[in-house]
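Overview (structure and organization)
Now for the letters of each chain:
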Amino acid sequence: MFKAKILFIGPNESGKTVLANFLSDTTENVGGEYRPTQGVRILEFESQPEGSGDNKTCEVELWDCSGDFKFESCWPALMKDSSGVVIIFNPDVPSHLKEIETWHSMFISSQGLQDNQCLLMAHHKPGSAVEEGRLPLASHLSRLPLIHSNLEEEPEDVRHAFRRYLGKVVNTLSESREREEMSIIT
């Protein structure tokens, strides 16, 4: 069974914890009072990645990382051995569009992750006007897959999109493992 370590990163109050709880079935309650994550929360669960070929269950370690820069000194440790990164932001907050460039350079560019190991998630909070049009993203960010999440309107779409992303991550891990094994044999 593959084990995938996925980091949920992004600006403060973007919905990382709500999405992490939902995807790991940790809680059914979508609303609630905002409490910022201190450092990191690690949620472990099993999921069936879509499109991963062998259709097996994958063990997921979902690292719900604080968006507070006071924890920046911990980020290298969080990044170690990560399989994928999901940048979560609120598209209704203009500063988030600029901030995700910083998150990209610190967590994705620095690790040399492939585009299919990354995901941008525009999380729409309850009561916000959902516009799924094009967002004004920097060119290096527009190459990454982008999904819009709305847990009030279409929660299962969010779950399926995450499973598709997980399938891509598992495929990348599998290909990497095969290359490593072949290099040992030859």
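These numbers come from a predicted model, not from an experiment.

**A few points about the packing of helix H1 (residues 16–23) against helix H5 (residues 155–185)**
- Two numbers describe how H1 lies on H5: the axes approach to 11 Å, and their chain directions differ by 80°. By the angle between their directions, the pair H1 and H5 is classed as roughly perpendicular. In this structure, H1 uses Leu19, Phe22 and Leu23 to contact H5, whose residues at the interface are Pro155, Glu156, Val158, Arg159 and Phe162.
- Looking at the contact of H1 with H5 residue by residue, the classes come out as six nonpolar, no polar and two charged.

**Thoughts on H5**
- Its 31 residues give H5 an end-to-end C-alpha distance of 45 Å, which sits within 8% of 45 Å, the value for a rise of 1.5 Å per residue.
- All of the buried residues in H5 are Val158, Arg159, Ala161, Phe162, Tyr165, Leu166, Gly167, Val169, Val170 and Thr172.

**A word on the sheet that holds strand S3 (residues 58–65)**
- Across the sheet, six strands lie side by side as S2-S3-S1-S4-S5-S6; this open sheet has mixed pairing. One side of each edge strand has no neighbouring strand; the edge strands of this open sheet are strand S2 (40–47) and strand S6 (146–149). In this sheet, adjacent strand axes meet at a mean angle of 25° when their direction is disregarded.
- Relative to S3, S2 is paired through eight bridges, and the arrangement is antiparallel. When the sheet's bridge partners are listed, Ile42 is paired in S3 with Trp63.
- The strands touched by H5 are strand S1 (3–9), S2, S3, strand S4 (84–89), strand S5 (118–123) and S6; relative to S1, the strand with the most contacts, the crossing angle is about 125°.

**Looking at the packing of aromatic side chains**
- All told, the structure shown has seven aromatic pairs when counted by the stated rule.
- With 4.9 Å between their ring centres and 45° between their planes, Trp75 and Trp103 make a pair best called tilted. Placement of Trp75 in helix H2 (residues 75–79) and of Trp103 in helix H3 (residues 94–109) is noted, with a sequence separation of 28 residues between them. Of the two residues, Trp75 and Trp103, neither departs from the other in class, the shared state being buried.
- On the basis of an interplanar angle of 50° and a centroid distance of 6.1 Å, the ring pair of Phe162 and Tyr165 is categorised as tilted. In this pair, Phe162 and Tyr165 both sit in helix H5, three residues apart, roughly one turn of the helix. As far as burial versus exposure is concerned, Phe162 and Tyr165 are alike and both buried.
- Among the aromatic residues, those joined into a ring-pair cluster are Phe69, Trp75, Trp103 and Phe107.
- One residue, Lys5, lies across the ring of Trp63, its end atom 3.9 Å from the ring centre.
- Over the ring of Phe22 we find Arg159; its NZ or CZ atom is 4.2 Å from the centre of that ring.

**Some remarks on the confidence of the model for the chain**
- The predicted model of the chain averages 87 in pLDDT, with 91% of residues at 70 or higher.
- Mean pLDDT values for the elements of the chain range from 86 in helix H4 (residues 139–142) up to 97 in S4.

**Examining the pattern of salt bridges**
- The full count for this structure, using the stated rule, is eight salt bridges.
- Put simply, Lys98 and Glu101 hold a salt bridge, and the shortest N to O gap is 3.6 Å. Residue Lys98 and its partner Glu101 are both found in helix H3; the two are separated by three residues, about one turn of the helix.
- Residue classification places Glu101 among the partly exposed positions, given a relative accessible area of 23%.
- Three or more residues joined by partner-sharing salt bridges are found here, namely Lys3, Glu59 and Glu61.

**Overview of the environment of Leu146**
- Examined against the element boundaries, Leu146 turns out to sit in strand S6.
- The partly exposed category is assigned to Leu146, whose relative accessible area is 31%.
- Sequence separation between Leu146 and Met121 is 25 residues; the distance between their C-alpha atoms is 5.8 Å.
- Setting aside residues up to four positions removed in sequence, Leu146 forms contacts with Phe89, Leu120, Ala122, Leu135 and Leu137.

Definitions and limits used
- Residues numbered from 1 in each chain as written.
- Predicted model: local features only at pLDDT ≥ 70, side-chain atom pairs only at ≥ 80, totals over all residues.
- Heavy atoms only, no water.
- Axes fitted to C-alpha atoms, helices over the stretch in contact; angles between N-to-C directions.
- Helix = DSSP H or I, 4+ residues; strand = E, 2+ residues; numbered from the N terminus.
- Parallel < 35°, antiparallel > 145°, perpendicular 65-115°, else oblique.
- Contact = heavy atoms within 4.5 Å.
- Nonpolar A, V, L, I, M, F, W, Y, C, P; charged D, E, K, R; others polar.
- Expected span 1.5 Å × (residues − 1).
- Buried < 20%, exposed > 50% of the residue type's maximum accessible area, 1.4 Å probe, protein only.
- Pairing = 2+ DSSP bridges.
- Phe/Tyr/Trp six-rings, centres within 6.5 Å; stacked < 30°, edge-to-face > 60°.
- Lys NZ or Arg CZ within 6 Å of the ring centre and 35° of its normal.
- pLDDT = per-residue confidence, 0-100.
- Salt bridge = Lys/Arg side-chain N within 4 Å of Asp/Glu carboxyl O.

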